[in-house]
Amino acid sequence: MIYAVVLLLLLALIYGPSLWVKHVIHKHNRPLEGMPGTGAELAKHLIDRFKLEGVTVEETSRDQDYYSPSEKKVGLSPEVFHGKSLSAVAIAAHEVGHAIQYVNKEPISELRDRYSGRARLIRNIGIWVLTCAPLIGAVSRSPALIGLVAAAGIVAMLASVAFHALILPEEFDASFGKALPILEEGYLPEAYFPAVRQVLKACALTYVAGALADVLSVWRWLAVLR
């Protein structure tokens, strides 16, 4: 019984944040009457307002919203690009918040450049190590070696989560240092702001929640190794 409880708590810790992020965004994704524009229209307006020269807004073909500093592009998923919901508006403002950070060369924007590439590299190394573990085990026939390789892969995946946590200040600045103050300047009625704050918090936690969810794949690899 105790093992089942521990397992459930572990799964909640790993997968709970990702489910919460998706729930919040879906909850406030209903189109609202009277919304003056779509997420894309708001993003373009803010880019013009803050004179973010060279920054463009494009619809992505996947369910992902982001700002690419190298391309100077705000990428919005179809639901956000065409949406007239609180989620669409808040997400668009969050991504423009990242554009403001980079165009203005704010020190906080260096966090992503410094850590996100390393996080992806470490995650890929972890996956590669876990993929090679069965082959290493078949060749060496050493349970101890397999355990060592599996442990290295798991540590690499957890390190990826840690690196994503390091860029949280940048994410929270995009949400609550940029997007929320902008939206409070008359873009939305005050009654909507409790919901908007929820969506902006979900935006800030998206990468960490995704990294935690990736850790769940470790259990599948361990099942294969067994």
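My aim in this report is to walk through the structure given alongside it, one point at a time.

Calculation rules
Residues numbered from 1 in each chain as written. Predicted model: local features only at pLDDT ≥ 70, side-chain atom pairs only at ≥ 80, totals over all residues. Heavy atoms only, no water. Salt bridge = Lys/Arg side-chain N within 4 Å of Asp/Glu carboxyl O. Helix = DSSP H or I, 4+ residues; strand = E, 2+ residues; numbered from the N terminus. Buried < 20%, exposed > 50% of the residue type's maximum accessible area, 1.4 Å probe, protein only. Pairing = 2+ DSSP bridges. Phe/Tyr/Trp six-rings, centres within 6.5 Å; stacked < 30°, edge-to-face > 60°. Polar contact = N/O pair within 3.5 Å; in protein donor to acceptor, adjacent residues only side chain to side chain. Contact = heavy atoms within 4.5 Å. Axes fitted to C-alpha atoms, helices over the stretch in contact; angles between N-to-C directions.

Looking at the pattern of salt bridges
Inspection of every chain in the model, using the stated rule, returns 6 salt bridges. Of the charged contacts in the structure, one is a salt bridge between E185 and R49, with a shortest N-O distance of 2.5 Å. With E185 in the loop between helix 7 (168-183) and helix 8 (193-225) and R49 in helix 2 (residues 39-49), this pair connects stretches of sequence that are 136 residues apart. Relative accessible area serves as the criterion here: at 49%, E185 is assigned to the partly exposed category. R49 sits in the partly exposed class, given a relative accessible area of 32%. Bridged by salt links that share partners, the residues E58, E71 and K73 form one connected network.

Let's talk about the pairing of strand 3 (residues 73-76)
In strand 3, alternate side chains face the same way, and those of K73 and G75 on one face and V74 and L76 on the other are all buried. In this sheet, strand 3 lies alongside strand 1 (residues 56-59) in parallel orientation, the contact comprising 4 bridges. Across the sheet, T56 pairs through a bridge with K73, a residue of strand 3. Of the pairings in the sheet, the one linking strand 2 (residues 66-68) to strand 3 comprises 3 bridges and is antiparallel in character. Across the sheet, the residue bridging to S68 is K73, located in strand 3.

Considering the packing of aromatic side chains
This model, assessed by the stated rule, comprises 2 aromatic pairs. Ring centres of Y67 and Y102 lie 5.8 Å apart, and the angle between their planes is 45 degrees; on these two criteria the pair is classed as tilted. Highlighted residues: Y67 in strand 2 and Y102 in helix 4 (residues 86-103), separated in sequence by 35 residues. Judged on exposure class, the residue Y67 and its partner Y102 are both buried.

Points about the side chain of S85
Among the structural elements, S85 can be located in the loop between helix 3 (78-82) and helix 4. Taking relative accessible area as the criterion, S85 reaches 2% and is therefore assigned buried. Only 3.2 Å separates the side chain of S85 from the side chain of N29, close enough to count as a polar contact. Excluding its chain neighbours within four sequence positions, the residues that come into contact with S85 are H28, N29, R30, P31 and M35.

Section: the sheet that holds strand 1
Pairing is mixed across the open sheet formed by 3 strands, whose spatial order is 1-3-2. Sheet topology places strand 1 and strand 2 at the edges, where each strand pairs with a single neighbour. Each neighbouring strand pair of the sheet contributes to a mean axis angle of 25 degrees, computed without reference to strand direction. In the packing of helix 2 onto the sheet, contacts are made with strand 1 and strand 3, and the angle to strand 1 comes to roughly 165 degrees.

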